[in-house]
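# Working through the structure, step by step
One-letter residues, chain by chain:
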Amino acid sequence: MASNVNPTVRRRRLGMELRKLREDKGMTAEQVAERLLVSQSKISRLENGRRSISQRDVRDLCDVYEVEDRRLIDSLMQMAKDSRQQGWWHAFGDIPYSVYIGLETDAASLRTYEPLVIPGLLQTTEYAQSLVRGAWPETAPADVDKRVQVRMHRQKRLSETDNNNPELGPLRLWAVIDEAALRRQVGDAQLMTRQLEYLIEQSEQPHVTVQVMPFSLGAHPGVNGQYAILEFPDASDSTVVYIEGVTSDLYLEKANDVQRYSVMYEHLRAQALNVDQTRQFISGIIDEYADKGE
């Protein structure tokens, strides 16, 4: 298996292919489930890429859909095999948002809005450690370290030299950050100073854009909370809107949902401070933290 095979993306792509075969056959998920003596929810999970797909699943579904093209069957079987491989994040054990990490790893671009904290891809190690300890106070120290290590590993997508997917180049990141995230003191004033200096440093990369939404702009399209939009280089992979939850996450892929969030993000970008204004604004807050640290 090639080192850049991403099981999450393969699973999504395979699920979409299987859904297309079902729809071309004019069958409902319930009808397929009845034929295979499985639950309808299993068929739905296979098609939306949320469940691992075995080669046996592919074989059975191809039989139901009366697929005769041997090359197509072999291609689907190989995708099923790839989808059951382990991504780099599995080396860290059970990660609650592993589906998102798999998508982020293969994404070409990411647009994110963060109302409360600095985006994970732009966090320093110290900030991440303090944030994880505060957000999950019952987490064991070893698990805190694991979460932070995963977060730091994810940041390799912003580096051309350390990129796990060299054919993609670095991830194109656009982050709109609410002023609250800059003023929420995670750790001490010195830690926040280093974090905000790092944020400015990262924003100077050509593929990273950071904009701040100051309090003075009042209500805006991001007041409903955090979300991210992931886009992929392969046209067959649909854009995904990701909304993080406490116990479960939400992934939206329907065209209407993606369109609404994309339009909302364009409004956010238009209303936020531009790049130069943002750096000046962050520098001003750095000065305030520096005064606290004296």
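Residues numbered from 1 in each chain as written. Predicted model: local features only at pLDDT ≥ 70, side-chain atom pairs only at ≥ 80, totals over all residues. Heavy atoms only, no water.

### Notes on the side chain of Q155
Using the following cut-off: Every helix listed is a DSSP run of H or I at least four residues long, and every strand listed is a run of E at least two residues long, numbered separately from the N terminus. Only protein chains enter the calculation, and the probe is 1.4 Å; a residue is then buried if its accessible area is under 20% of its type maximum, exposed if over 50%, and partly exposed in between. Throughout this description, a polar contact denotes any pair of N or O atoms lying within 3.5 Å of each other; where both atoms belong to protein, one of them has to be capable of donating a hydrogen while the other can accept it, and for residues adjacent in sequence the pair is counted only when both atoms sit in side chains. Contacts between residues were defined by any pair of non-hydrogen atoms, one from each residue, lying within 4.5 Å.
By the element assignment, Q155 lies in the loop between α8 (141-154) and β2 (172-178). Here Q155 falls in the buried class, since its relative accessible area comes to 14%. Within polar-contact distance, the side chain of Q155 engages the backbone oxygen of G120 at 3.0 Å. Sequence-distant contacts of Q155, defined by excluding residues within four places in its chain, comprise G120, L121, L122, Q123 and Y198.

### Some thoughts on the sheet that holds strand β1 (residues 109-114)
Here is the rule: Here a strand pair is declared whenever DSSP counts at least two bridges between the two strands. Axis angles are defined between N-to-C directions and span 0 to 180 degrees, where every axis is a line fitted to C-alpha atoms and, for a helix, only to the segment in contact.
In spatial order, the strands read β3-β2-β1-β4-β5-β6; together these six strands make up an open sheet with mixed pairing. The strands lining the two open edges of the sheet, one partner per strand, are β3 (208-213) and β6 (250-252). Between one strand axis and the next, the sheet turns through 15° on average, direction left out of account. Inspection of the sheet shows strand β4 (residues 227-231) paired to strand β5 (residues 240-243) by three bridges, in the antiparallel sense. Note on β5: the bridge partner recorded for A228 is Y242.

### Examining the packing of helix α4 (residues 55-64) against helix α5 (residues 70-83)
Note the threshold: Each angle receives one of four descriptions, namely roughly parallel if under 35 degrees, roughly antiparallel if over 145, roughly perpendicular if within 65 to 115, and oblique otherwise. Left-handed is the label given to a crossing in which the near helix is rotated counterclockwise from the far helix by less than a right angle, and right-handed is the label when the rotation is clockwise. Polar here means any residue other than Ala, Val, Leu, Ile, Met, Phe, Trp, Tyr, Cys and Pro, which are nonpolar, and Asp, Glu, Lys and Arg, which are charged; Gly is therefore polar.
As a packed pair, α4 and α5 sit with axes 8 Å apart at the nearest point and diverge in direction by 150°. The orientation of α4 with respect to α5, classified from their angle, is roughly antiparallel. Classified by chirality, the crossing of α5 by α4 is right-handed. Contacts between α4 and α5 involve Q55, V58, R59 and C62 on the former and, on the latter, I73, L76, M77, A80 and K81. Its residues assigned to classes, the contact of α4 with α5 comprises six nonpolar, one polar and two charged.

### What about the side chain of S203?
With respect to the element layout, S203 can be found in helix α10 (residues 189-203). A residue is classified by how much of its surface remains accessible, and S203, at 6% relative accessible area, is buried.

### Remarks on the pairing of β1
Across the six residues that make up β1, a large majority, six, are buried. Across six bridges, β1 lies against β2 in parallel orientation. Each residue of the ladder has a partner; that of Y113, found in β2, is V176. As judged from the five bridges shared by β1 and β4, these two strands associate in the antiparallel manner. Paired with R111 across the strands is I229, a residue of β4.

### Section: α5
Selection criterion: Take the residue count of a helix, subtract one, and multiply by 1.5 Å to get its expected span.
Here α5 is 14 residues long and its end C-alpha atoms lie 20 Å apart, about the 20 Å a rise of 1.5 Å per residue gives. Of the positions making up α5, those classed as buried are I73, L76, M79, A80, D82 and S83. Where α5 is buried, its residues meet α1 (7-25) and α4. The backbone nitrogen of R71 has a side-chain oxygen 3.0 Å away, supplied by the residue at the start of α5, namely D69.

### Let's talk about α1
A rise of 1.5 Å per residue sets the reference length of α1, with its 19 residues, at 27 Å; its end C-alpha atoms lie 27 Å apart and thus fit the reference within 8%. Of all the residues in α1, the buried ones are P7, T8, V9, R10, R11, R12, R13, L14, G15, L18, L21 and R22. Elements that come into contact with the buried residues of α1 comprise α2 (29-36), α3 (40-47), α4, α5, α6 (98-106) and β5. Positive phi shows up at G26, right after α1, with a value of about 75°.

### A few points about unusual backbone geometry
Phi is positive for L37, close to 60°, though the residue is something other than glycine. With respect to the helices and strands, L37 occurs in the loop between α2 and α3.

### Here we look at the nonpolar core
How we decide: What is meant by a nonpolar core is a set of buried Ala, Val, Leu, Ile, Met, Phe, Trp, Tyr and Cys residues, joined one to another through side-chain atoms within 4.5 Å.
Core analysis: the largest hydrophobic core is formed by 45 residues, its most contacted members being L122, L182, L196 and L199. Looking at this core, the element that brings in the most residues is α10, giving six residues. M27, I43, V58 and M79 belong to the second largest nonpolar core, which has 20 residues in total.

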